[in-house]
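This is what each chain is made of:
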Amino acid sequence: MKESIKSARVGNENTGADSTETVADIIERQLDVVIKEWLARVEREPDLTAIPLNYEERTGHLPQLLHDVIRRLRMDEGTKAPISEAAAHHGDLRSRQGYTVAMAVEESRLLQVSIFLTLHRSENHLEFSAILPAVVTIADEVDAQLKQQMLRFMAADVVKAAKAVKTAKAGKAA
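Note that the coordinates shown come from a computational prediction; the quantities given were computed from them, not determined experimentally.

**Section: empty space enclosed by the protein**
In this approach the atoms are scanned with a rolling probe the size of a water molecule, which exposes any empty space left behind. What the rule picks out here adds up to 3 cavities of 30 Å³ or more. Empty space within the largest cavity amounts to approximately 70 Å³. Around the largest cavity, the lining residues are Trp38, His61, Leu62, Leu65, His90, Glu107, Ser108, Leu111, Val142, Gln145, Leu146 and Gln149. Where the lining of the largest cavity is concerned, the elements lending two or more residues are α5 (62-74), α7 (101-121) and α8 (128-173). Take the lining of the largest cavity: its biggest share by element is 4 residues, from α8. Split by residue class, the lining of the largest cavity holds 6 nonpolar, 5 polar and 1 charged. Taken as a whole, the second largest cavity holds about 50 Å³ of empty space. What lines the second largest cavity is Asp68, Arg71, Arg72, Met75, Pro82, Ile83, Ser84 and Glu141. The element that contributes the greatest number of residues to the lining of the second largest cavity is α5, accounting for 3 residues. In terms of residue class, the lining of the second largest cavity is built from 3 nonpolar, 1 polar and 4 charged.

Next up, the structure:
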C-alpha cells in the first residue's frame, strides 16, 4: 500500500522508540519554533521592520495560518482544500498596517523557509519518500494563503482609489 502525505511517518526524536509522527505532527509540535524562526528572519529584513509592530501584531496571525497548513497536510489526497479565512483576515490587517504587496510576499516566503528548515532539522527521522509530497502540499497551501491576502490587498486598493476619486471630485466642486 502506497503511503499518502497524510500518513508520512517519522521516528520519535527523543526516545528512538518505534512511535511515529506525521509531517503535520512535527509542524504542530514545533509551532513555536517555526514562529520564532520566522520572526528572527523577519527581524533581519529592514523593509519589514520599517513598520513597527509589537510581537502580537507581527506574529499573531501565524498560529492560525500554520494550523491551516497542518489541516491541509492531514487531508486525504484529492480533497479540495478550503479557502483560508485566516489568510484573508491577515491580508486585511497587513493592508491596514501599511504593508506593501512586496512585504506580504516576503513574509510568506519567509514562512515557507521557516517551515522547511524545521522539517530539515527532523530529516533524519523522515521517510525520504514523504518529504517531497509534504513540501509540495506546504508550498501550495502557503501560496494559496498568499493569494487570499493579495485578493484582500487588491480590494483595499480599489476602495482607496474610489475614495481618492470621490475626494478629488468633491474638491473640484467646492
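**Quick word on the confidence of the model for the chain**
Should pLDDT be low for a region, the predicted coordinates there are not to be read in detail. On average, residues of the chain score 85 in pLDDT, and 84% of them reach the 70 mark or higher. In the model, residues 1-19 has pLDDT below 50 throughout and makes 37 contacts with residues more than four positions away in sequence or in other chains.

**Focus: the nonpolar core**
Core analysis: the largest hydrophobic core is formed by 32 residues, its most contacted members being Ile27, Leu66, Leu73, Leu111, Ile115 and Ile138. Going through the elements one at a time, α1 (23-29), α2 (31-42), α5, α7 and α8 are the ones with two or more residues in this core.

What counts, and at which threshold
Residues numbered from 1 in each chain as written. Predicted model: local features only at pLDDT ≥ 70, side-chain atom pairs only at ≥ 80, totals over all residues. Heavy atoms only, no water. 1 Å grid on protein atoms, 1.4 Å probe; cavity = no way out; pocket = protein on both sides within 12 Å on 5 of 7 lines; lining within 4 Å. Points joined across faces, edges and corners; volume = space filled by probe spheres on them. Helix = DSSP H or I, 4+ residues; strand = E, 2+ residues; numbered from the N terminus. Nonpolar A, V, L, I, M, F, W, Y, C, P; charged D, E, K, R; others polar. pLDDT = per-residue confidence, 0-100. Contact = heavy atoms within 4.5 Å. Core = buried A, V, L, I, M, F, W, Y, C linked by side-chain atoms within 4.5 Å. Buried < 20%, exposed > 50% of the residue type's maximum accessible area, 1.4 Å probe, protein only.

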